[in-house]
Every structure is written in structure tokens, then in C-alpha cells.
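Structural overview for review
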Amino acid sequence: MKKLGILAGVAGLAVSTMLLASGARSADDAKLEQLKQQGFARVAIANEPPYTAVAADGKVSGAAPDVAREIFKRLGVNDIVASISEYGAMIPGLQAGRFDVVTAGLFMKPERCAAVAYSEPVLCDAEAMLVKKGNPKGFKSYEDIAKDSSATVGAPGGGTEEKLALNAGVPRERVIVVPDGQSGLKMVQDGRIDAYSLPVLSINDLMKKANDPNLEVIAPVQGAPVYCDGAAFKKGDEALRDAYDVELAKLKKSGEFAKIIEPYGFSAKAAMSTTREKLCAAK
Ligand code: 6CS
């Protein structure tokens, strides 16, 4: 995957230079033309169902990549090629040119909106915590974890839940970085962390697959906002982002957007009831 990414990057650069020399309207148009020539868009994902998933045979699915694949097809880019990344590494990877876009449920927040060019909203969700049955430490919020000096919470590195826990006053040493959902599940089951926090749909997916009666889901986490993601493009690729938004709006209007995301449990109405502007301004 990595070698393919490097070769694609070099080829893309050559194509962009050629297209600009041939009089493409702007560097932005060249980006979309480069992806068309490349034949695919390199997307960053996390492999966190139902947002993103990679099957044993390498097939990429999940609501975010499925929306992206459909939109890129309509833009003349035949497919997507996914790389798995930690949430905290997605924006640096995008900025370094390792990905063409992040389609992973990377929630819009002011600091991220300042670093990337988000599309309009795609997937919205509240936050949840996975705990032992009976919620023995009585967690309802990240503040509850902060108040209990023995309590630990697991969350993705560079992820929203890690930030929420730290901002709620949980000391750094009690916020445990967890690489993926299966690890988080096991750590709660083994009592190595008291809670594991992800968005509601991700925790529910883990819970369903674990089929473990000794676990319980706390959802929503009190005091935590409902977030929405968007496809995240590199600053400077706004024309590509705008072209993506045109197709996203058509999908939303035709009902095809709902057909793609709602089988995964997401609400099309939630995404259509807000905007990038509102989400990027949210405190
Ligand atoms: O945007 C984020 O940071 C969060 N989004 C998802 C879909 N899962 C966890 C992550 O922390």
C-alpha cells in the first residue's frame, strides 16, 4: 500500500505539472485532473465500524468511504484506495500529501477546521462509553471520571474522546491511548481500563460483536456534544472540496445519501440539519 502511495504521488506530481503547462484553469483543477489520471483517490480511514471498515480480504466499506467512493465516481475518479491511520495522524498525513482526503468520521471542530478544508457534514453521532455491567463506578460523564482518582478511560490517540476527557479534567496519566476498538473492548473486559470511549455507533458495533453480558454501554456521555464529520481535504484543495460538495448536495437532495448511510445507523437528517460553518464555529 505504502509503495503504491509513493508511486502514485510521484506520478500525480508529474501529471499536475503537465496539466498546468497544458493550460488547466488552475492548480485546483489540476488536483481533480490528477486524481482522474491516477484513477483513484487515496483516503485515510481508521477501521472503526460503522464509520470505516476493512474486511479480511482488504475490501473497504463503512459509511464514510462508501459516500466518498460514490462522490469520486461522479467526479470521474473511479475508485478509492484506503490507508489505515490513527486519528491523530490523519491531518499531518493529509498535509504531508500521504492522502488525498480523510474520510474516516474525523469530527469537525474549530482547531481541525483551521487545519483542513472540510466538506459539508456527512456523519453525525454522540459519544458513548463502554463499561463493566452495572457501571460500577457510576460514570455518566467525563467529569465523573475526572472526580474519581482511581478511574481510567481509554480513547483513540489524537481523537475527540481523548480531548474531551482531558478537557473534563481527567489527568493525562488516566487517559489511556487505545489503538483500536478490539483493544479497547479487551482492556475493559480485562479490567485494565474502567471505560472505553468512542462515538455511540462505534461502541454499539463493538458491543454487538462482543456479545458479552458483562459489559454495558453508557450513551450518550452527558455533557459531550453531538459531532459531525466531513471529508477533510488539504488546505489549497478547496476547488476539489467544492466539487465534492456539489456532488454531496446532489446525493442529499436525491435521497441517495440516506440510502448509503442509514443502513449503517447514521441519520441523513442529522447531517442535513447542520452545516460546516456552524460546526466549525461551535465552542
Ligand atoms: O473525530 C474523532 O476524533 C473521532 N471520530 C470517530 C469516528 N471515532 C473516534 C475519534 O476520536
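Our structure is the block above this text.
What you see is a predicted model; the values in this text were computed from it and never measured.

**Brief notes about the overall build of the protein**
- Helix and strand content of the protein: 13 helices and 14 strands.
- Relative to the compact-globule value of 19 Å for 283 residues, the protein shows a C-alpha radius of gyration of 19 Å, a close match.
- With the principal axes as the frame, the protein shows a C-alpha extent of 65 × 40 × 35 Å.
- Per-residue burial for the protein yields a buried fraction of 52% across its 283 residues.
- Partitioning the intrachain contacts of the protein with sequence separation of at least 6 by distance along the chain shows that 71% fall at a separation of at least 24.
- Measuring between centres, the 36 positive side-chain charges of the protein sit 1 Å from its 35 negative side-chain charges.

**Quick look at unusual backbone geometry**
- Here Pro-49 and Pro-50 are connected by a cis peptide whose omega angle stands at 0°.
- Residue Ala-219 is joined to Pro-220 through a cis peptide bond whose omega torsion reads -5°.
- Here Pro-220 lies in the loop between β12 (215-218) and β13 (227-228).
- Not every positive phi belongs to a glycine, and Asn-47 is a case in point at roughly 65°.
- The backbone of Asn-135 sits at a positive phi, close to 45°, despite the residue not being glycine.
- As for its position among the elements, Asn-135 is in the loop between β8 (127-132) and α6 (142-147).

**Looking at the site of the ligand**
- The environment of the ligand is made up of 13 residues, and the closest members are Glu-48, Phe-107, Arg-112, Thr-160 and Glu-161.
- One of the side-chain nitrogen or oxygen atoms of Glu-161 is found 2.5 Å away from an oxygen atom of the ligand.
- Isolated, the ligand exposes 300 Å² of accessible area, and the fraction of that covered by the protein chains is 100%.

**Quick word on the state of the cysteines**
- Applying the stated criterion across every chain yields a total of two disulfides.
- The side chain of Cys-113 participates in a disulfide bridge whose partner is Cys-280; the two sulfur atoms lie 2.0 Å from each other. Looking along the S-S bond of the Cys-113-Cys-280 disulfide, the torsion reads about -75°, which is the left-handed sense. Placement of Cys-113 in helix α5 (residues 110-113) and of Cys-280 in helix α13 (residues 276-281) is noted, with a sequence separation of 167 residues between them.
- When its relative accessible area of 12% is taken as the criterion, Cys-113 is described as buried.
- Shown here is the disulfide that connects Cys-124 with Cys-228, its sulfur atoms set 1.9 Å apart. On the S-S bond that ties Cys-124 to Cys-228, the torsion sits near 105°, and the link is right-handed. In this pair, Cys-124 sits in strand β7 (residues 124-125) while Cys-228 sits in strand β13, placing the two residues 104 residues apart along the sequence. Side by side, Cys-124 and Cys-228 carry an identical accessibility label, which is buried.
- By sequence-ordered numbering of the bonded cysteines, the protein has its disulfides arranged as 1-4, 2-3.

**With respect to the pairing of strand β11 (residues 195-199)**
- For β11, the buried fraction is high: five of the five residues fall into the buried class.
- As paired strands, β8 and β11 are joined by four bridges and run antiparallel to one another. Residue pairing for β11: Leu-130 is matched across the bridge by Tyr-196.
- Looking at chain direction, strand β9 (residues 153-155) and β11 are connected through two bridges and run parallel. Bridge assignment links Gly-154 to a residue of β11, and that residue is Tyr-196.

**As for the sheet that holds β9**
- The five strands are arranged β10-β9-β11-β8-β12 in an open sheet whose pairing can be described as mixed. At either margin of the open sheet sits one strand with a lone partner, and together these are β10 (175-177) and β12. Strand-to-strand twist across the sheet, computed as the mean angle between neighbouring axes with direction ignored, equals 30°.

**A short note on helix α4 (residues 87-95)**
- Listed as buried for α4 are Tyr-87, Met-90, Ile-91, Gly-93 and Leu-94. One face of α4 carries all of its buried residues, which in axial projection span an arc of 165°.
- On the buried face of α4, the contacting elements are β1 (40-45), β5 (101-102), α5, β6 (116-118) and β14 (232-234).
- Positive phi shows up at Gly-97, right after α4, with a value of about 85°.

Procedures and definitions
Residues numbered from 1 in each chain as written. Predicted model: local features only at pLDDT ≥ 70, side-chain atom pairs only at ≥ 80, totals over all residues. Heavy atoms only, no water. Helix = DSSP H or I, 4+ residues; strand = E, 2+ residues; numbered from the N terminus. Rg over C-alpha atoms; globule rule 2.2 N^0.38 Å. Buried < 20%, exposed > 50% of the residue type's maximum accessible area, 1.4 Å probe, protein only. Contact = heavy atoms within 4.5 Å. Lys, Arg positive; Asp, Glu negative; His and termini not counted. Charge placed at Lys NZ, Arg CZ, Asp CG, Glu CD. Near = heavy atom within 4 Å. Polar contact = N/O pair within 3.5 Å; in protein donor to acceptor, adjacent residues only side chain to side chain. Areas by Shrake-Rupley, 256 points an atom, 1.4 Å probe, with all protein chains shown as cover. Disulfide = S-S within 2.5 Å. Pairing = 2+ DSSP bridges. Axes fitted to C-alpha atoms, helices over the stretch in contact; angles between N-to-C directions. Arc of directions from axis to C-beta.

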